[in-house]
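# A closer look at the structure
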Amino acid sequence: MSKLLSASLMCADLMNLEKSVNELKNAGIDYLHIDIMDGCFVPNITLGFDLVNSIKSITDISLDVHMMVNEPSRFIDRMNLDKNDYLCVHCESEVHIQRTLSQIREKGCKTGMAINPQTPVESMKYLTDYIDMALVMTVSPGFAGQKIFAGAERKVSDARKFLDECGCSHIPIEVDGNISVENGAKLSRCGAEIFVLGTSSLFLKGKTLKQAATEFREVL
Ligand code: DX5
Ligand code: ZN
């Protein structure tokens, strides 16, 4: 699978979001990463469902929605997502995560299962039939501008090895949190294939989005 870039919109210029989306299209970004937070599962509140639907209506870039909310099954039908979009939910956020993943599949979009730094990769073992993408968090979720956690490289390597041994080499690993050019290069070698780019590598003062995205791709 080719290496894909997913731009974290919570890090974009929120006062000029449509302009940013158009620039991201021009920069060749593959997905728009939209972080939804409820202030409970993570101690922050960011973008909402109406914004997801507004963004969906103005662009053909596929969406990569990351739900950092408790009991995300309550909200799946609030978003107009299609077969090209990912809807990622945390296995730590729902008692019956298999049911939630099934509901997302029935909705017709691609599933993502996200795991926090402390969550073992084995948590995916019995759910791989319901997972289209594994989101391995490289920070404890909730805020932009954090530092990658110490075991991130080892965990991404372990996740790739684990999925391959399960016969699931078709499931790509996405990484999210402090994906700088340096961290991206290392995590790419560990097996990461989708990179969530925010303040660490894409939304940088003094660089256009196109320049930053091009420089990031060069190290993959
Ligand atoms: C973390 C967020 C990400 C990301 C932002 O909870 O989901 O969008 O960290 O990018 P950085 O970490 O580079 O600011
Ligand atoms: Zn995210």
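Up top is the structure these notes are about.
On a predicted model such as this, the values are computed, not experimentally measured, just so you know. (Residues numbered from 1 in each chain as written. Chains lettered and ligands numbered in written order. Predicted model: local features only at pLDDT ≥ 70, side-chain atom pairs only at ≥ 80, totals over all residues. Heavy atoms only, no water.)

## Re the site of ligand 1
What surrounds ligand 1 is a group of 16 residues, the closest being Ser8, Asp35, Asn178, Thr199 and Ser200. Asn178 places a main-chain nitrogen or oxygen 2.8 Å from an oxygen atom of ligand 1. Between ligand 1 and Thr199 there is a distance of 2.5 Å, counted from an oxygen atom to a side-chain nitrogen or oxygen. Alone, ligand 1 offers 360 Å² of accessible surface; in the complex the protein occludes 100% of this. Here the shell around ligand 1 is built from residues that sort into five nonpolar, nine polar and two charged. (Near = heavy atom within 4 Å. Polar contact = N/O pair within 3.5 Å; in protein donor to acceptor, adjacent residues only side chain to side chain. Areas by Shrake-Rupley, 256 points an atom, 1.4 Å probe, with all protein chains shown as cover. Nonpolar A, V, L, I, M, F, W, Y, C, P; charged D, E, K, R; others polar.)

## Focus: the packing of aromatic side chains
Aromatic ring pairs: the centre-centre distance and the angle between the two ring planes describe each pair. Tallied over the entire structure, the rule returns three aromatic pairs. The lysine or arginine in question, Lys110, covers the ring of Tyr86, its NZ or CZ lying 4.1 Å from the ring centre. (Phe/Tyr/Trp six-rings, centres within 6.5 Å; stacked < 30°, edge-to-face > 60°. Lys NZ or Arg CZ within 6 Å of the ring centre and 35° of its normal.)

## Examining the coordination of the zinc ion (ligand 2)
Of the protein atoms, only His33 (NE2), Asp35 (OD), His66 (ND1) and Asp176 (OD) coordinate the zinc ion (ligand 2), at distances of 2.1 to 2.2 Å. Sequence positions of the donors to the zinc ion (ligand 2) reduce to the motif H-x1-D-x30-H-x109-D. With His33 in strand S2 (residues 31-37) and Asp176 in strand S7 (residues 173-176), the pair connects residues that are 143 residues apart, well separated along the chain. Accessibility expressed as a relative area gives 0% for His33, which makes it buried. Accessibility expressed as a relative area gives 8% for Asp176, which makes it buried. (Donors = N, O, S within 2.8 Å, 3.2 Å for Na, K, Ca; no water. Helix = DSSP H or I, 4+ residues; strand = E, 2+ residues; numbered from the N terminus. Buried < 20%, exposed > 50% of the residue type's maximum accessible area, 1.4 Å probe, protein only.)

## Brief notes about the pattern of salt bridges
Summed over the entire model, instances satisfying the criterion amount to 12 salt bridges. Put simply, Asp164 and Arg160 hold a salt bridge, and the shortest N to O gap is 3.0 Å. Highlighted residues: Asp164 and Arg160, both in helix H4 (residues 152-165), separated by four residues, approximately one helical turn. For Asp164, a relative accessible area of 37% corresponds to the partly exposed category. (Salt bridge = Lys/Arg side-chain N within 4 Å of Asp/Glu carboxyl O.)

## Digging into the sheet that holds S2
Strands sit in the order S1-S2-S3-S4-S5-S6-S7-S8 around a closed barrel of eight strands; the barrel is parallel. Taking each pair of neighbouring strands and ignoring which way they run, the sheet shows an average axis angle of 25°. Where strand S1 (residues 4-8) and S2 come together, three bridges link them in parallel fashion. Residue Ser6 lies in a different strand from S2, and its bridge partner there is Tyr31. (Pairing = 2+ DSSP bridges. Axes fitted to C-alpha atoms, helices over the stretch in contact; angles between N-to-C directions.)

## Remarks on the packing of H4 against helix H5 (residues 181-190)
Following both chains from N to C, one finds H4 and H5 inclined at 30°, their axes separated by 8 Å at the closest point. Taken together, the axes of H4 and H5 are roughly parallel relative to one another. The hand of the H4/H5 crossing is right-handed. Across from Ala152, Glu153, Val156, Ser157 and Arg160 in H4, the residues of H5 making contact are Lys186, Leu187 and Cys190. A per-class count over the contact of H4 with H5 returns four nonpolar, one polar and three charged. (Parallel < 35°, antiparallel > 145°, perpendicular 65-115°, else oblique. Left-handed = near helix turned anticlockwise from the far one by under 90°. Contact = heavy atoms within 4.5 Å.)

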